[in-house]
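In case you want the letters, here they are:
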Amino acid sequence: MSNSGAPMPSSFDDDVDFYSESRWQKFTRKLYQEPLVPLGCGLTVLALIGATRAMRSNDHVRTNIMFRRRIYAQAFTIVAIVAGSTYWKGDREKRKEFEEVEKERKRIEKREKWLNELELRDKEDREVLWRRLRRGRGLLRPKRVRTDSPPSQRNMPSLAL
């Protein structure tokens with residue numbers, strides 16, 4: 001994989017919407033790629049509706065004809081699915097590669113943002129500590145010894161909390 005964050009080359013490079021498509025866009029793209037599958041599904045449904053009507057009118061010959069048509073429509077749909085699957089296999093692989101690269105890029109971006117946030121927090125903490133030390137309200141500050149104390153302690157500052 002490439003660390004540059006650029007997407008893998010694909011046959012979809014012309015289509016900018018490919019990279020961030022909605023569910024409806026995905027549905028229409030799939031419909032465009034394999035238009036025979038919905039056609040086969042529609043034919044199957046029509047054959048079932050015709051068989052149901054023929055059964056209600058007690059027309060056994062018409063019922064058998066419609067059930068045969070249903071079988072033919074389902075066979076057509078399966079052939080369309082297999083043919084489309086074979087034809088679009090390469091693009092699906094490229095899509096998976098792109099999604100993996102995009103996922104890795106987002107993971108790295110999230111990590112970089114987190115590190116930047118930690119660095120900013122650390123910098124702010126250091127600035128607050130520095131301000132406290134400069135104001136004299138900080139952790140340790142030297143305490144002046146009075147001049148009336150013994151000479152051994154005069155020039156030696158003691159640490160007070």
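Residues numbered from 1 in each chain as written. Predicted model: local features only at pLDDT ≥ 70, side-chain atom pairs only at ≥ 80, totals over all residues. Heavy atoms only, no water.

Peer 1: A description of the overall build of the chain should follow, citing residues and the corresponding values.
Peer 2: Check the secondary structure of the chain and you find 5 helices and 2 strands. N-terminal to C-terminal, the α/β element order of the chain is α-α-α-α-β-α-β. Considering the chain as a whole, with its 161 residues, one finds that 16% of them fall into the buried category. Look at the contacts in the chain between residues 6 or more apart in sequence, and 46% of them connect residues 24 or more apart. Carbon and sulfur atoms form 57% of the exposed surface of the chain, whose accessible area is close to 13,900 Å². (Helix = DSSP H or I, 4+ residues; strand = E, 2+ residues; numbered from the N terminus. Buried < 20%, exposed > 50% of the residue type's maximum accessible area, 1.4 Å probe, protein only. Contact = heavy atoms within 4.5 Å. Areas by Shrake-Rupley, 256 points an atom, 1.4 Å probe, with all protein chains shown as cover.)

Peer 1: Kindly report on the UniProt feature "transmembrane region" (unreviewed entry) in the chain, identifying the contributing residues and their values.
Peer 2: In the numbering used here, UniProt assigns the "transmembrane region" (unreviewed entry) feature to residues 31–51 and 71–88. With 90% helix and 0% strand, residues 31–51 has end C-alpha atoms that lie 27 Å from one another. With 94% helix and 0% strand, the stretch residues 71–88 has end C-alpha atoms that lie 26 Å from each other. (UniProt positions renumbered as here; feature names shortened; annotations may be inferred.)

Peer 1: Describe unusual backbone geometry, with residues and values.
Peer 2: Even without glycine at this site, Asn 58 takes up a positive phi of about 60 degrees. Tracing the sequence through the fold places Asn 58 in the loop between helix H2 (36–56) and helix H3 (60–87). On the accessibility criterion, Asn 58 (59% relative accessible area) is exposed.

Peer 1: I'd love a proper account of the packing of aromatic side chains, names of residues and values included.
Peer 2: Following the criterion strictly, the structure yields 2 aromatic pairs and no others. When the centroid spacing of 5.1 Å and the interplanar angle of 90 degrees are considered together, the rings of Tyr 87 and Trp 88 count as edge-to-face. (Phe/Tyr/Trp six-rings, centres within 6.5 Å; stacked < 30°, edge-to-face > 60°.)

Peer 1: Tell me about a nonpolar patch on the surface, residues and numbers included.
Peer 2: Residues Leu 36, Leu 39, Leu 43, Val 45, Leu 46, Ile 49 and Phe 76 make up a contiguous nonpolar surface patch of about 610 Å² in total accessible area. Here Ile 49 lies in helix H2. (Patch = residues over 30% accessible without salt bridge, like charges linked within 9 Å, V, L, I, M, F, W, Y side chains within 5 Å. Salt bridge = Lys/Arg side-chain N within 4 Å of Asp/Glu carboxyl O.)

Peer 1: How would you explain the side chain of Glu 34 if you had to name every residue and give the values?
Peer 2: Assignment of secondary structure puts Glu 34 in the loop between helix H1 (23–33) and H2. At 5.3 Å, Arg 92 is the nearest oppositely charged side chain to Glu 34, a buried residue that forms no salt bridge. Residue contacts for Glu 34: discarding those within four places in its chain leaves Ala 80, Ile 81, Gly 84, Ser 85 and Trp 88. (Lys, Arg positive; Asp, Glu negative; His and termini not counted.)

Peer 1: Could you give an account of H2, with specific residues and numbers?
Peer 2: Helix length check: H2 (21 residues) gives 30 Å between terminal C-alpha atoms against 30 Å at 1.5 Å per residue, within 8%. Of the residues trailing H2, Asn 58 is marked for its positive phi of about 60 degrees. (Expected span 1.5 Å × (residues − 1).)

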